[in-house]
Amino acid sequence: MISEEEIKNIAKLSYLEIKDEEVDEIREKFSSILEYIEKLQELDIDNIEETSSILKIENVMRSDVPEKKDNKKFLESFSRERDGYLEVNKILYNED
Amino acid sequence: MKINLENLTIKKAHEGLKNGDYTSVELTKAFLDLIEKKDKDINAYITVNKELALEQAKRADEMIKAGKMHLLTGIPCAIKDNILIENIKCTAASKFLENYTATYSATVIKKLEDLGAVFLGKTNLDEFAMGSSCEKSAFFPTKNPHDLERVPGGSSGGSAAAVAADMCVYALGTDTGGSIRQPSSFCGVVGLKPTYGAVSRNGIIAFASSLDQVGPITKNLEDAKIVFEAIKGLDEKDSTTINYEEKKEENRKIKIGVPKEYFTEGLDKEVEDAIKKAIELFDSEVVEISLPHTNYALACYYIIAPAEASANLARFDGLRYGKKIEAEDGKEFYINNRTTFFGKEVKKRIMLGTYTLSSGYYDAFYKRALKVRTLIKKDFEEAFKKVDVVVGPTSPCLPFKIGEKSEDPMSMYLSDIYTVSVNLAGLPAVSLPCGKSSNNLPIGLQLIGQPFKENALINTALLVEKNYDRK
């Protein structure tokens, strides 16, 4: 089973917080899925190419024509707005 | 006059509007009344857009009067609540977006609007389309109209239930791993998942971008074709869409492939019997085929879909859309908002995706899954050298009881075993009703077609549809 420490680390990477009382349940559910997807290890995939998209599309170009939009509507969907900009908290800091 | 809404198809409603039996406003009001009465028990709708619907119906009546009538003009429909309609709330059944109003309309919505469609409301789903039962909606579960103790399937369960309960003429759903087909099967209606690239994803709240497609949920195949034709096509706002014309196939005998891997352990006996009976009805050559990697599709899907979801859902940070909880520190702000407003299933999938993409696990999980995806795609390519259409069950089980599978995630995921490989391979597939179980629950037959051959696929399905009465 996946360790408590690992689960907490994945949560941290995902910008989610796990409460201590939730850890066991998540570990259990997570492990049952991980056990199931282990199945793929049985296959020999050495010379197989990867498929990340089903369509072979290369650069699709279009001209860059600005479209007039009603800014008000977008600003209203912001949680905090100042002078027509989205206001955010300080985001630069030293890790720990 | 009283309009009979029972089993009202697009064609029938169109005739009614054309002949002047009723106006679109009258038809829309009849549906709104029925929703008010019936949806208390079923809970298919998250939002009912009474005002918008009546306004659209009025406009449709003017179009009809002016002689500008399309098959979809004035026809009331329901839209899954992860598809944006400008100025209408769009929640994706998440607490995160409970108070989010869409700032623009999805391309599919604009296309339908141009034809004079009427949007009755937004339907329930599993939060962010992650689920197979509609129980993971952050608001309420939807009930199966055939048995209110059972789930309607998911994630487009609200759309399928609304169609099955005659609370709209047709609906739009989205399908990432079976989310149109499995609920259509559970609710006894028709659901079409188009080829990847056929329909624009612009304005759809993204779940797994290389798998998502929008498609119709309808009362019969003819309606599915009408809606599909209306929403498909190139869109400069979605670079994965392409324009294509499907060549008309001359009247030749088709060959049907039945994968032996689809009839193994885990398939409900009653479902199996119904599917085998349906296959005989095609009156075509039927051959057994093999899709050797079938058994790996679900594992492959549960690496790729959460990986893409973990990236797509990074945009929900509490700042740009919907809710917010204040915090001093920037990072704390994001964590608090994401932790509070995402539901358990969504968090689990974000974490699963983050895990399989993280350094040290990327090669073992994600990269390997992309290679297995190639093998699954090749299985179908090989099969289509021998047959025209692949046929099997849509779901291995009958609609289950609410709460029955909500504890063990794997038992829930297994109900998608026949549908996920179609998304991984990007193919079109349709689910249509093929009878009922002894306790009167619908069973769905799945037909899988070749890329960009939706018409051929539907035409094949039409060979058996006449044998089954929808009600």
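Shown above is the structure to which this text applies.
Residues numbered from 1 in each chain as written. Chains lettered and ligands numbered in written order. Predicted model: local features only at pLDDT ≥ 70, side-chain atom pairs only at ≥ 80, totals over all residues.

Caption draft 1: Local environment of the nonpolar core. Of all hydrophobic cores here, the largest spans 157 residues; its most connected members are Cys77, Cys168 and Cys300 of chain B. A per-element tally of this core places helix H9 (residues 294–312) of chain B first, with 12 residues. (Core = buried A, V, L, I, M, F, W, Y, C linked by C-beta atoms within 7 Å. Buried ≥ 20, exposed ≤ 12 C-beta atoms within 10 Å, placed from the backbone. Helix = DSSP H or I, 4+ residues; strand = E, 2+ residues; numbered from the N terminus.)

Caption draft 2: A look at the packing of H9 of chain B against helix H11 (residues 344–357) of chain B. Residues and elements named next belong to chain B. In contact at an axis separation of 7 Å, H9 and H11 are set at 100° when each is read in the N-to-C sense. With respect to H11, the axis of H9 lies roughly perpendicular. Contacts between H9 and H11 involve Ile303, Pro306, Ala307, Ala309 and Ser310 from the first element and Arg349, Ile350, Leu352, Gly353, Thr354, Thr356 and Leu357 from the second. Class assignment of the residues belonging to the contact of H9 with H11 gives a composition of seven nonpolar, four polar and one charged. (Axes fitted to C-alpha atoms, helices over the stretch in contact; angles between N-to-C directions. Parallel < 35°, antiparallel > 145°, perpendicular 65-115°, else oblique. Contact = placed C-beta atoms within 7 Å. Nonpolar A, V, L, I, M, F, W, Y, C, P; charged D, E, K, R; others polar.)

Caption draft 3: Representation of the interface of chain B and chain A. On the chain A side, the residues contacting the 51 residues of chain B number 39 residues. Contributions of two or more residues to the side of chain B that touches chain A are made by H9, helix H10 (330–341), H11, helix H12 (362–386) and helix H13 (409–413) of chain B. For the side of chain B that touches chain A, the leading source of residues is H12 of chain B, giving 11 residues. Classifying every residue of the side of chain B that touches chain A gives 24 nonpolar, 14 polar and 13 charged.

Caption draft 4: Expanded view of helix H1 (residues 4–13) of chain A. Buried within H1 of chain A are the following residues: Ile7, Ile10 and Ala11 of chain A. Angular distribution of buried residues about the axis of H1 of chain A spans 100°; they occupy a single face of the element. At its buried positions, H1 of chain A is contacted by helix H2 (23–37) of chain A together with H11 of chain B. Looking one or two residues past H1 of chain A, Tyr15 of chain A carries a phi angle of roughly 60°, positive in sign. (Arc of directions from axis to C-beta.)

Caption draft 5: Just the packing of H2 of chain A against H9 of chain B, in detail. One can describe the packing of H2 of chain A onto H9 of chain B by two numbers: an axis separation of 9 Å at closest approach and a directional angle of 125°. The orientation of H2 of chain A with respect to H9 of chain B, classified from their angle, is oblique. Classified by chirality, the crossing of H9 of chain B by H2 of chain A is left-handed. Listed contacts from H9 of chain B to Ile33, Tyr36 and Ile37 of chain A of H2 of chain A are Ala299, Tyr302 and Ile303 of chain B. Among the residues forming the contact of H2 of chain A with H9 of chain B, the class breakdown is six nonpolar, no polar and no charged. (Left-handed = near helix turned anticlockwise from the far one by under 90°.)

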